[in-house]
Amino acid sequence: MAAAGAAATDLEVARGKRAALFFAAVAIVLGLPLWWKTTETYRASLPYSQISGLNALQLRLMVPVTVVFTRESVPLDDQEKLPFTVVHEREIPLKYKMKIKCRFQKAYRRALDHEEEALSSGSMQEAEAMLDEPQEQAEGSLTMYVISEHSSLLPQDMMSYIGPKRTAVVRGIMHREAFNIIGRRIVQVAQAMSLTEDVLAAALADHLPEDKWSAEKRRPLKSSLGYEITFSLLNPDPKSHDVHWDIEGAVRRYVQPFLNALSAAGNFSVDSQILYYAVLGVNPRFDSASSSYYLDMHNLPHVINPVESRLGSSAASLYPVLNFLLYVPELAHSPLYIQDKDGAPVATNAFHSPRWGGIMVYNVDSKTYNASVLPVRVEVDMVRVMEVFLAQLRLLFGIAQPQVPPKCLLSGPKSEGLMTWELDRLLWARSVENLATATTTLTSLAQLLGKISNIVIKDDVASEVYRAVAAVQKSAEELASGHLASAFVASQEAVTSSELAFFDPSLLHLLYFPDDQKFAIYIPLFLPMAVPILLSLVKIFLETRKSWKKPQKTD
Amino acid sequence: MAAAIPLSLLVLLLLGPGGWCLAEHPRDSLREELVITPLPSGDVAATFQFRTRWDSELQREGVSHYRLFPKALGQLISKYSLRELHLSFTQGFWRTRYWGPPFLQAPSGAELWVWFQDTVTDVDKSWKELSNVLSGIFCASLNFIDSTNTVTPTASFKPLGLANDTDHYFLRYAVLPREVVCTENLTPWKKLLPCSSKAGLSVLLKADRLFHTSYHSQAVHIRPVCRNARCTSISWELRQTLSVVFDAFITGQGKKDWSLFRMFSRTLTEPCPLASESRVYVDITNYNQDNETLEVHPSPTTTYQDVILGTRKTYAIYDLLDSAMINNSRNLNIQLKWKRPPENGYIHYQPAQDRLQPHLLEMLIQLPANSVTKVSIQFERALLKWTEYTPDPNHGFYVRFPVSDGSNYFVRLYTEPLLVNLPTPDFSMPYNVICLTCTVVAVCYGSFYNLLTRTFHIEEPRTGGLAKRLANLIRRARGVPLL
């Protein structure tokens, strides 16, 4: 009876043990994964390694240069070697994590018949007109014509000439090392026409460490898909001045051709408005000697803020706005002049603010006051105004004056105010800037998502990230193979996709629970469940150890 | 703003042929009006209307040039292909029973209704974007307009302007009754005026006075109108209106007289040079037919009589563009005086400030004999901060009792205090939930676990129960044989 009872008890004990173990097993095998699965945040996989690889990206910017030799440009035996290709590669020293190399691929060839004919004509204009006709050159490529040493196409003291399109003319030389000497000259001219450190440094100004030049370099507008240009006429004193401006005509005649030439760099929209009773924020200083009013240079930053509230935000689009203000000072403060650092009045009576726009002060001719009663009708001379505004527009787009090599003749600007190679240079700079922006955006996004593990990463965000990474890589490849236009388009796509991913609202729905709240929720649930399981596991463990030790003792 | 740099570099540009070819500017005009109406209740209503008309086909032109018409709204019309836009912000409610019918109707809160052009393909998307942009322009919560509070009326809200067909598919209407109107909505509204708030009637728009009123309603209406009599082309009309009702008792210390300065704390100083019409109308209708009860100062140049909303009204007209009007003193302060002050007793009202001071309402009333006078005050129940509840919040809160004083001889009557039941939250709810959950989980799981893992076996009562052991202990202590 006792033995049977003990056996039954043993059986019960064993069953109890099995039940406890089974509980533990269910909790671990079923409970834990279930808990894990139901509380997990959805995170699509991202190409982390590729993104970190982008930081060490080597940008090779290839400029295809076609060098055309006319008959008497180099010694005859050198001409025999044509055609062949020389590559000139150079690293651009910038304090930036991306290595940027500039590569001039010079394809040397002999001149075709019609090119010979064109280059033997009397003047540069004729030659250009004849050379223009055959085919359009691809964006970013350059063509250099090497003419004979004694050609009269260039003035005698000039060694080279940069045309308004993508062509340049370089004087040849009759020398044993003719190719070397000409090659150096060609690289000099090609650099001026395409890539210089200045241009790239300005493009990367936001990503470079601060230095004393950075403020100056940060003048150009950041790269964007489009830009809005707003011309505003500020008339603070409509009682005295009845100002009229022919902005429609001026835009049609001067601004639109310039923007058409720039259209490869983005979409542009232009509008204008007249604001009455809009005053500048500072009181000008009266100078009794000249009986005129002056705005000091250090006051200029304070001028903009009060005016800006009246300008009105661009409600209809997300593109950055460039403001150009024409300020007709009130009668009590006119004439009004802007003084530079040295106290001399600025010739244009205008100034610009980086990435914002420009302001021009337009004084009403004092003679108009004599004849008539107030208000005086004022017709604005739009040629004078547009000259200033277009110059400012060029600066704000980062189209700086080129650094022309010595003894080089620069052609006069085209009628639209922008040379074709200047546009190329802008596209080079904008492509590099876009790549840098996209890389930075992707890197910080990857960093952020890696650091905060509670953020949900949706599939569409992930696909935008993949698209951006692919676009950065494609753009870098296109740059390396010298296809500027497609590289620029790809870089724009990279920026757009990366920012779409970065600013996706779903990333903001942060499932963020502080640890103390987690404990508050989990402890009432887990403690009553875990304590019995753990206790019985400990008990089972102790008993098994005891039962193992027992046989040893009996031995 | 970053530092500004004087432009010293000027690129020589081959600008195209100069010379003037003055294009015909699209004509635009501004007309401003202010109507001041003394209301039957003794309050004063002021209604501003600024109408900007622009002879331009906004949708057609690629480059748009704005003069009097505000650019922000013009861009909206062309970008979202609007045909009509009506937006109003109202604080308070027009009490038709005391104030008579209003000139301009508007519901409390924000109301937006828009007719889109029939070229718009995705009306709902445009509507959503438009409400977001408008919310940015007017600093209002219009971005909360979504499909849950948007309707497409099919019979009402016909277009107010020129319209060929009325397919209601292109109409959207939404109201946000909760929208609180304040200074930040008025400032962008004022910025749309060509003269800003520097000249003309807009000088009077001073925010701290306009929001110290019983009723404030501001609106923007855009609609296409005929440009000429034959209606060959269209013009755009922007109508900005603002109506306020001043509480005469607060501003006038119980008198019904008013002046521009007393209401707006400004006077009219100069006309807006851009306006082609700038007028102030004052309602001087005689309420009593027998004699003149009120007079205005300065005396108006012209008066005008018309039947408006069924009643005959007389208006005194002041034309600001008339150079004699804004006289040598360089400002115009229109004043109205009641010749025979109506017998209305005395009312002093001091509004309460939350957590600082209570309401005070004093009334001097002459009561007829054998009459019942009933004073009723409406109140709203509100939730207090949770620390402000008394230990027994369900008891209710006391409202101080009214006192009435006799004037001739000393008699002071007190009434019962009022006990108001305020809504009380369930203070213990979160604690209850946690306790209940924990208990349920612990009990269910614990007993289940015990049941399954415990070993049950029958124990022989070898030494007896606890009672027996205790008894034995005591017996041992006493030296009695054990059980």
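Residues numbered from 1 in each chain as written. Chains lettered and ligands numbered in written order. Predicted model: local features only at pLDDT ≥ 70, side-chain atom pairs only at ≥ 80, totals over all residues. Heavy atoms only, no water.

A.B. asks: Quick question: what am I supposed to make of the domain arrangement of chain A here?
C.D. replies: Where the parts come together, the accessible area they lose is often given as the size of the interface. For chain A, the assigned domains read domain 1 (1–41 + 513–548), domain 2 (61–202) and domain 3 (226–397). In this structure, domain 1 of chain A and domain 3 of chain A have C-alpha centres spaced 80 Å apart. (Domains from an automatic or database assignment.)

A.B. asks: Would you take a moment to explain the packing of aromatic side chains for this structure?
C.D. replies: The relative placement of two aromatic rings is captured by the distance of their centres and the angle of their planes. Residues and elements named next belong to chain B. Within this structure, the stated rule accounts for 30 aromatic pairs over all chains. Here the aromatic rings of phenylalanine 48 and phenylalanine 264 are separated by 5.7 Å at their centres, their planes lie at 75°, and the arrangement is edge-to-face. On the criterion of sequence distance, the pair formed by phenylalanine 48 in strand S3 (residues 44–54) and phenylalanine 264 in helix H7 (residues 260–264) is long-range, its members being 216 residues apart. We note that phenylalanine 48, like phenylalanine 264, is buried. Seen in terms of ring centroids, phenylalanine 246 and phenylalanine 264 are 5.2 Å apart; in terms of plane orientation they differ by 85°. Their pairing is edge-to-face. Taken together, the residues phenylalanine 246 in strand S10 (residues 234–246) and phenylalanine 264 in helix H7 connect sequence positions 18 residues apart. (Phe/Tyr/Trp six-rings, centres within 6.5 Å; stacked < 30°, edge-to-face > 60°. Helix = DSSP H or I, 4+ residues; strand = E, 2+ residues; numbered from the N terminus. Buried < 20%, exposed > 50% of the residue type's maximum accessible area, 1.4 Å probe, protein only.)

A.B. asks: Explain the side chain of aspartate 28 of chain B to me, please; I cannot follow it from the model alone.
C.D. replies: Residues and elements named next belong to chain B. On the secondary structure map, aspartate 28 appears in strand S2 (residues 28–38). A polar side-chain atom of aspartate 28 sits 2.9 Å from a polar atom in the side chain of arginine 67. Those residues in contact with aspartate 28 that lie beyond four places of it in its chain are Arg53, Trp54, Arg67, Leu68 and Phe69. (Polar contact = N/O pair within 3.5 Å; in protein donor to acceptor, adjacent residues only side chain to side chain. Contact = heavy atoms within 4.5 Å.)

A.B. asks: Looking at this model, I keep getting lost on the sheet that holds strand S11 (residues 292–295) of chain A. Mind explaining?
C.D. replies: Strand pairing in a sheet relies on backbone hydrogen bonds. The paired strands run either parallel or antiparallel. Residues and elements named next belong to chain A. Judged by pairing direction, the sheet is mixed, and its three strands sit side by side in the order S10-S11-S13 without closing on themselves. Among the strands making up the open sheet, the edge pair consists of strand S10 (285–287) and strand S13 (336–338). Pairwise comparison of adjacent strand axes, ignoring direction, gives a mean angle of 40° for this sheet. In the sheet, S11 pairs with S13 via three bridges, with the strands oriented parallel. Within S13, the residue paired with leucine 295 across the bridge is isoleucine 338. (Pairing = 2+ DSSP bridges. Axes fitted to C-alpha atoms, helices over the stretch in contact; angles between N-to-C directions.)

A.B. asks: Sorry, what's going on with the UniProt feature "transmembrane region" (unreviewed entry) in chain A here?
C.D. replies: The positions that UniProt labels "transmembrane region" (unreviewed entry) are, in the present scheme, residues 19–36 and 519–542 of chain A. Taken as a whole, residues 19–36 of chain A contains 100% helix and 0% strand, while its terminal C-alpha atoms sit 24 Å from one another. (UniProt positions renumbered as here; feature names shortened; annotations may be inferred.)

A.B. asks: Explanation requested: the packing of helix H14 (residues 459–480) of chain A against helix H15 (residues 484–502) of chain A in the structure shown.
C.D. replies: Packed helices, taken two at a time, are described by the angle their axes make and the gap between the axes. Residues and elements named next belong to chain A. Running from N to C, H14 and H15 point in directions that differ by 155°, and their axes come no closer than 8 Å. Judged on the interaxial angle alone, H15 and H14 are roughly antiparallel. Judged by the twist between their axes, the crossing of H14 over H15 is left-handed. Facing H14, whose interface residues are Val461, Glu464, Val465, Arg467, Ala468, Ala471, Val472, Lys474, Ser475, Glu478 and Leu479, H15 presents Leu484, Ser486, Ala487, Ala490, Ser491, Glu493, Ala494, Ser497, Ser498, Leu500 and Ala501. The residue inventory of the contact of H14 with H15, partitioned by class, reads twelve nonpolar, five polar and five charged. (Parallel < 35°, antiparallel > 145°, perpendicular 65-115°, else oblique. Left-handed = near helix turned anticlockwise from the far one by under 90°. Nonpolar A, V, L, I, M, F, W, Y, C, P; charged D, E, K, R; others polar.)

A.B. asks: Can you help me understand the state of the cysteines in this one?
C.D. replies: As used here, a disulfide is simply a covalent bond connecting the sulfur atoms of two cysteines. Residues and elements named next belong to chain B. Counted under the stated rule, the structure contains two disulfides over all chains. Residue cysteine 195 pairs covalently with cysteine 272 via a disulfide, S to S 1.9 Å. Residues cysteine 195 and cysteine 272 are joined through a disulfide that is right-handed, its torsion about the S-S bond being 75°. Separated by 77 residues along the polypeptide, cysteine 195 in the loop between helix H4 (183–191) and helix H5 (207–210) and cysteine 272 in the loop between H7 and strand S12 (275–283) bring together distant segments of the chain. Comparing cysteine 195 with cysteine 272 shows no difference in burial state: the two are buried. The disulfide partner of cysteine 226 is cysteine 231, and the gap between their sulfur atoms is 1.9 Å. (Disulfide = S-S within 2.5 Å.)

A.B. asks: Teacher, can you tell me more about the environment of valine 282 of chain B here?
C.D. replies: Residues and elements named next belong to chain B. Position of valine 282 relative to the elements: it lies in strand S12. Classification of valine 282 by relative accessible area gives buried; the value is 0%. Separated by 52 residues in the primary sequence, valine 282 and isoleucine 334 have C-alpha atoms spaced 8.9 Å apart.

A.B. asks: Would you mind showing me how to read helix H3 (residues 123–138) of chain B here?
C.D. replies: An α-helical segment advances 3.6 residues per turn. Residues three or four places apart therefore align on the same side. All names here are of chain B. Taking 1.5 Å as the rise per residue, H3 with 16 residues should run 22 Å; its terminal C-alpha atoms sit 22 Å apart, in good agreement. Those residues of H3 not exposed but buried are Val123, Ser126, Trp127, Leu130, Ser131, Val133, Leu134, Ser135, Ile137 and Phe138. Trailing H3 by a residue or two, cysteine 139 shows a phi angle of about 50°, which is positive. (Expected span 1.5 Å × (residues − 1).)

A.B. asks: Help me understand a nonpolar patch on the surface, please; the structure alone is not making it clear to me.
C.D. replies: All names here are of chain B. Where nonpolar side chains cluster on the molecular surface, the patch consists of Ile347, Tyr349, Leu361, Met363, Ile365, Leu367, Val375 and Ile377 and spans about 740 Å² of accessible area. Contributing elements (two or more residues each) for the nonpolar patch: strand S17 (346–350) and strand S18 (360–364). Locating leucine 361 in the fold gives a position in strand S18. We classify leucine 361 as partly exposed; its relative accessible area is 39%. (Patch = residues over 30% accessible without salt bridge, like charges linked within 9 Å, V, L, I, M, F, W, Y side chains within 5 Å. Areas by Shrake-Rupley, 256 points an atom, 1.4 Å probe, with all protein chains shown as cover. Salt bridge = Lys/Arg side-chain N within 4 Å of Asp/Glu carboxyl O.)

A.B. asks: Just to check I follow, could you spell out unusual backbone geometry for this structure?
C.D. replies: Trans peptide bonds make up the majority, and among non-glycine residues the majority have a negative phi. Residues and elements named next belong to chain B. In this model, phenylalanine 157 sits at a positive phi of 55°, which is unusual for a non-glycine residue. Within the element layout of this structure, phenylalanine 157 appears in the loop between strand S7 (150–151) and strand S8 (171–176). You will see that serine 265, though not glycine, has its phi angle at about 50°, which is positive. Along the chain, serine 265 turns up in the loop between H7 and S12.

A.B. asks: Whenever I open this one, the sheet that holds strand S5 (residues 160–162) of chain A confuses me. Can you help?
C.D. replies: Residues and elements named next belong to chain A. Ordered in space as S2-S3-S1-S4-S6-S5-S17, the seven strands form an open sheet in which the pairing is mixed. Because the sheet does not close on itself, it has two edges, and the strands there are strand S2 (84–92) and strand S17 (408–410). Pairwise comparison of adjacent strand axes, ignoring direction, gives a mean angle of 20° for this sheet. Sheet topology note: the strand S1 (residues 58–69)/strand S3 (residues 99–110) ladder contains twelve bridges and is parallel. Across the sheet, the residue bridging to threonine 66 is alanine 107, located in S3. Contacts between helix H13 (residues 420–451) and the sheet are confined to S1, S3, S5 and S17, with S1 contributing the most and set at about 160° to the helix.

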